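One-letter residues, chain by chain:
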Amino acid sequence: MGRVLVLGSLNVDLVTHVDRHPQPGETVLGEGLERLAGGKGANQAVAAAAAGAEVLMLGAVGDDDAGRAYVDRLRGLGIATEGVAVLPDQPTGTALIVVDEAGENTIVVAAGANGQVGDEALGLVEAAGPGDVLLVQLEIPLATVSRACTIAALRGVRVVVNAAPYAALPADVLPLADPVVVNEHEARLLAESSGLPSSLLVTFGADGVDWNGLRASAVSVPPAEVVDTTGAGDAFCGALAAGLAMGQGHEEALGGALSAGAAAVRHPGAQPDARL
Ligand code: RIB
């Protein structure tokens, strides 16, 4: 069974709740403020571990209480953290998240240490091999993501790119991925910039997913049971990578990923029991 190497962000999510999102220039009052574990990279690592894979997290936190607590949390979940650098001059990344009554969110990320993830994170990718899966998203420097994908592909490691938040990757990177995972909106941006890659998995929310013509239906969640959609896409990607690393075919891996995405909207925060 292969391992899942997740290269990406670790954020403290500062979350408040509103009746409705403010318009530009408007102030609304939020209810409550929680500090939760987040960041697309770590969310995906936690989901991959929950799906049963052996997981290595690669990234960076600041040398602060939040960063130390986060590394301890991941270790407690059985995720290897040797690849998480502790950077003395940077704060741990922080995301400001506002969730409305329907569970829909807006997110602004202050990258902090995530913005400094460089080649030192790639040693573990150089030591990986066939059967392993490298899973990346785009909340760390694109140059590091690109080099990681190139090294992984040369070593026979399967590369999964979640192109979120959307950014144009160098044209030679996307063909290395199997698959590139995007939502509908990101798929449009991708088509307009780099063109569509040969292995493309598009998620359509309640309308399911399409992976190069292989369609799978979403696992429906009654609106009354949707608590918070934050991190649902990350849960999908983490579980998908886990399934692929465990040798599952596309259909089975998609099924596990869709179930994980549906489960993620039923709990507050981007990870289960996410309080930091
Ligand atoms: O995808 C959800 C995540 O996006 C949040 O946890 C937040 O930290 C941002 O990275």
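Relevant structure appears above.
Cut-offs and rules
- Residues numbered from 1 in each chain as written.
- Predicted model: local features only at pLDDT ≥ 70, side-chain atom pairs only at ≥ 80, totals over all residues.
- Heavy atoms only, no water.
- 1 Å grid on protein atoms, 1.4 Å probe; cavity = no way out; pocket = protein on both sides within 12 Å on 5 of 7 lines; lining within 4 Å.
- Points joined across faces, edges and corners; volume = space filled by probe spheres on them.
- Helix = DSSP H or I, 4+ residues; strand = E, 2+ residues; numbered from the N terminus.
- Nonpolar A, V, L, I, M, F, W, Y, C, P; charged D, E, K, R; others polar.
- Expected span 1.5 Å × (residues − 1).
- Buried < 20%, exposed > 50% of the residue type's maximum accessible area, 1.4 Å probe, protein only.
- Near = heavy atom within 4 Å.
- Polar contact = N/O pair within 3.5 Å; in protein donor to acceptor, adjacent residues only side chain to side chain.
- Areas by Shrake-Rupley, 256 points an atom, 1.4 Å probe, with all protein chains shown as cover.
- Sits in = over half its atoms within 2 Å of the grid points.
- Contact = heavy atoms within 4.5 Å.

Enquirer: Give me the layout of surface pockets: which residues, what numbers.
Expert: One number sums up the size of the largest pocket: a volume of about 1300 Å³. Of all elements in the fold, only β2 (11-17), α1 (40-50), β6 (93-99), β7 (105-110), β10 (177-183), α5 (184-193), α6 (232-245) and α7 (250-264) reach the threshold of two or more residues within the lining of the largest pocket. Counting residues per element, the lining of the largest pocket draws most heavily on α6, which supplies five residues. A breakdown of the residues in the lining of the largest pocket according to their chemical character gives 24 nonpolar, 16 polar and seven charged. Roughly 320 Å³ of internal volume is contained in the second largest pocket. Surrounding the second largest pocket, 26 residues form its lining, V46, A47, A50, A51 and A260 being those nearest its centre. No other element matches the seven residues that α7 contributes to the lining of the second largest pocket.

Enquirer: With reference to specific residues and values, describe α6.
Expert: Since the α-helix advances by 3.6 residues per turn, residues separated by three or four positions end up pointing in the same direction. The end-to-end C-alpha separation of α6 is 20 Å, in line with the 20 Å expected for 14 residues at 1.5 Å each. Burial analysis of α6 places 13 of its 14 residues in the buried class, which makes it a mostly covered element. Where α6 ends, the next residue or the one after it, G247, has phi of about 85°, a positive value.

Enquirer: Outline the site of the ligand, listing residues and values.
Expert: The environment of the ligand is made up of 14 residues, and the closest members are D13, G39, K40, E139 and D234. One of the side-chain nitrogen or oxygen atoms of K40 is found 2.8 Å away from an oxygen atom of the ligand. Its free accessible area being 280 Å², the ligand has 96% of it covered by the protein chains. Here the ligand occupies the largest pocket. When contributions to the shell around the ligand are tallied by element, the ones reaching two or more residues are β2, α1 and β7. Grouping the constituent residues of the shell around the ligand by class yields four nonpolar, six polar and four charged.

Enquirer: Give me the lowdown on the environment of V108, citing residues and values where you can.
Expert: For V108, the position within the fold is in strand β7. For V108, a relative accessible area of 54% corresponds to the exposed category. Here the alpha-carbon distance between V108 and D64, two residues 44 residues apart in the chain, equals 21 Å. Contact partners of V108, with chain neighbours within four places excluded, come to T94, A95 and L96.

Read these as layout, nothing more, since geometry by itself doesn't imply function.
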